[in-house]
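Residue strings, one per chain:
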Amino acid sequence: MKAVGYQKPQAISEPDSLIDITLPEPVATGRDLLVEVKAVSVNPVDTKVRKSGAPAEGEAWKVLGWDASGIVKAVGPEVTLFQPGDRVWYAGSIARPGTNSELHRVDERIVGHMPTSLDFAQAAALPLTAITAWEMLFDRLGIAPGKAPSAKTLLIIGASGGVGSILTQLATRLTSLTVIGTASRPQTQAWVKELGAHHVIDHGRPIAQELKRIGFPQVDHIVSLTQTDAHFDQIVEAIAPQGQFGLIDDPASLDVTKFKRKSVSVHWELMFTRALFGTADMVGQHRLLNEVAALVDAGLIRTTLAEHFGPINAANLKRARALIESGKARGKVVLEGWA
């Protein structure tokens with residue numbers, strides 16, 4: 001089967017950073033599905049792993065990619081949730097080979113039925129970010145879905161990116177929170193407004209001052225999706241006493257003792273945790289993806305596909321990853337088909 005991989009971590013600009021290769025076809029065993037990958041999207045995690053992750057012991061190649069949409073080709077003997085021919089979407093496991101291959105093996109418990117209203121490219125943009133945003137909002141922060149009147153506020157730092165684009169939609173569509181998104185360029189600010197944010201501020205300026213300017217001297221919940229270390233002191237100033245702070249990135253250091261006076265709780269989110277540790281609630285991601293699919297088909301959540309980079313191959317994946325590493329991506333970058 002066709003795939004894209006590498007043999008040693010190096011900069012995306014290097015000729016061998018990603019290579020078109022041929023690998024043996026995997027076989028579905030246990031609770032695994034064998035999926036014909038139709039489309040994939042690119043996430044910051046691809047870049048993080050490529051910069052440091054070498055092939056597994058005994059393996060010649062490292063294959064990246066987590067978001068995928070496709071068709072189930074075969075199922076393992078213990079599979080109960082799917083059958084061959086099902087259209088599926090998922091974000092995979094960081095502990096297993098990635099989705100940048102024509103055929104991919106994935107545990108059924110982290111796979112959902114694809115929205116019927118989306119094509120493969122549109123669907124591939126959503127799983128990883130939807131899982132991350134959902135788990136952050138409802139599992140980590142414990143926000144209760146519903147539209148009962150509330151004066152609570154949510155600030156999303158980096159609201160125009162992949163996770164922010166979904167988190168903005170979930171929070172505005174499914175909760176009564178007042179949602180404030182940050183974006184630093186006119187086009188990304190327009191995107192965040194289009195997704196439903198009640199207010200948009202510029203995180204290129206002091207965030208606490210920007211919040212005061214629009215009438216919110218403090219906010220109850222803050223989720224930081226990018227450059228947390230650069231914004232941290234502003235976050236400490238802006239968050240309300242007994243507030244909640246969530247983050248997904250990897251700051252070199254984080255002095256959480258600054259939150260002590262305000263009794264702020266800190267919540268980290270990694271959507272790979274369930275699959276990585278085989279948690280008892282691992283099948284929750286299957287149910288979550290099915291719920292998001294229903295919201296998409298009902299017209300409440302839209303795809304965040306922003307750019308289509310053509311077929312899945314090394315050259316196009318290099319272009320996509322270079323854009324992600326530039327920090328200028330809006331929404332998601334998707335590749336579709338094999339060439």
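Further up the page is the structure itself.
Residues numbered from 1 in each chain as written. Predicted model: local features only at pLDDT ≥ 70, side-chain atom pairs only at ≥ 80, totals over all residues. Heavy atoms only, no water.

Considering soluble globular proteins, one finds that nonpolar side chains tend to be buried as a cluster. Counting 85 residues, the largest nonpolar core has L33, W89, Y90, W134, L137, L170 and L335 as the members making the most contacts within it. With eight residues, the single largest contributor to this core is helix α3 (residues 127–140). Core analysis: the second largest hydrophobic core is formed by 19 residues, A208, F245, L247 and V264 among them. (Core = buried A, V, L, I, M, F, W, Y, C linked by side-chain atoms within 4.5 Å. Buried < 20%, exposed > 50% of the residue type's maximum accessible area, 1.4 Å probe, protein only. Helix = DSSP H or I, 4+ residues; strand = E, 2+ residues; numbered from the N terminus.)

When two helices pack together, their arrangement is captured by the angle between the axes and the distance separating the axes. Viewed as axis vectors pointing N to C, α3 and helix α4 (residues 162–174) meet at an angle of 50 degrees, and their least axial separation amounts to 8 Å. The angle between α3 and α4 places the two elements in the oblique class. Note on packing geometry: the crossing formed by α3 with α4 is right-handed. Two secondary-structure elements touch here, α3 through T129, A130, T132, A133, W134, L137 and F138 and α4 through G162, V163, I166, L167, L170, A171 and L174. Split into classes, the residues belonging to the contact of α3 with α4 amount to eleven nonpolar, three polar and no charged. (Axes fitted to C-alpha atoms, helices over the stretch in contact; angles between N-to-C directions. Parallel < 35°, antiparallel > 145°, perpendicular 65-115°, else oblique. Left-handed = near helix turned anticlockwise from the far one by under 90°. Contact = heavy atoms within 4.5 Å. Nonpolar A, V, L, I, M, F, W, Y, C, P; charged D, E, K, R; others polar.)

Here we come to the pattern of salt bridges. Overall, the coordinates contain 22 salt bridges when judged by the stated rule. Close ionic contact of R213 with E210 constitutes a salt bridge, the shortest N to O distance being 3.0 Å. One end of the pair is R213 and the other is E210, both in helix α6 (residues 207–213) and three residues apart, which spans about a single turn. (Salt bridge = Lys/Arg side-chain N within 4 Å of Asp/Glu carboxyl O.)

Let's shift gears to the packing of aromatic side chains. Scanning all chains against the criterion turns up five aromatic pairs. Ring centres of F245 and F259 lie 5.4 Å apart, and the angle between their planes is 50 degrees; this geometry places the pair in the tilted category. Pair noted here: F245 is in strand β13 (residues 239–247) and F259 is in the loop between β13 and β14 (265–268), with a separation of 14 residues, a long-range link. The same class applies to F245 as to F259, namely buried. Here the aromatic residues F232, F245 and F259 are joined through ring pairs into a cluster of three or more. Positioned over the ring face of F120 is R87, at 4.6 Å from the centre of the ring. Residue placement shows R319 over the ring face of F309; its charged tip is 4.3 Å from the ring centre. (Phe/Tyr/Trp six-rings, centres within 6.5 Å; stacked < 30°, edge-to-face > 60°. Lys NZ or Arg CZ within 6 Å of the ring centre and 35° of its normal.)

Mapping G85 onto the fold places it in the loop between β5 (68–75) and β6 (87–90). Take G85: its relative accessible area is 46%, and that puts it in the partly exposed class. Between the C-alpha atom of G85 and that of K73, which follows or precedes it by twelve residues, the distance is 6.4 Å. Excluding residues that lie within four positions of it along the chain, G85 makes contacts with I71 and V72.

Bringing the sheet that holds strand β9 (residues 153–157) into the picture now. Spatially, the six strands line up as an open sheet ordered β11-β10-β9-β12-β13-β14, and their pairing is parallel. Edge strands, defined here as strands with exactly one partner in the open sheet, are β11 (199–201) and β14. Recorded for the sheet is a direction-independent mean angle of 20 degrees between the axes of neighbouring strands. Of the pairings in the sheet, the one linking strand β10 (residues 178–182) to β11 comprises three bridges and is parallel in character. By the bridge assignment for β11, I180 is matched with H199. Here α4 sits on the sheet in contact with β9, β10 and β12 (219–224), set at roughly 170 degrees to β9. (Pairing = 2+ DSSP bridges.)

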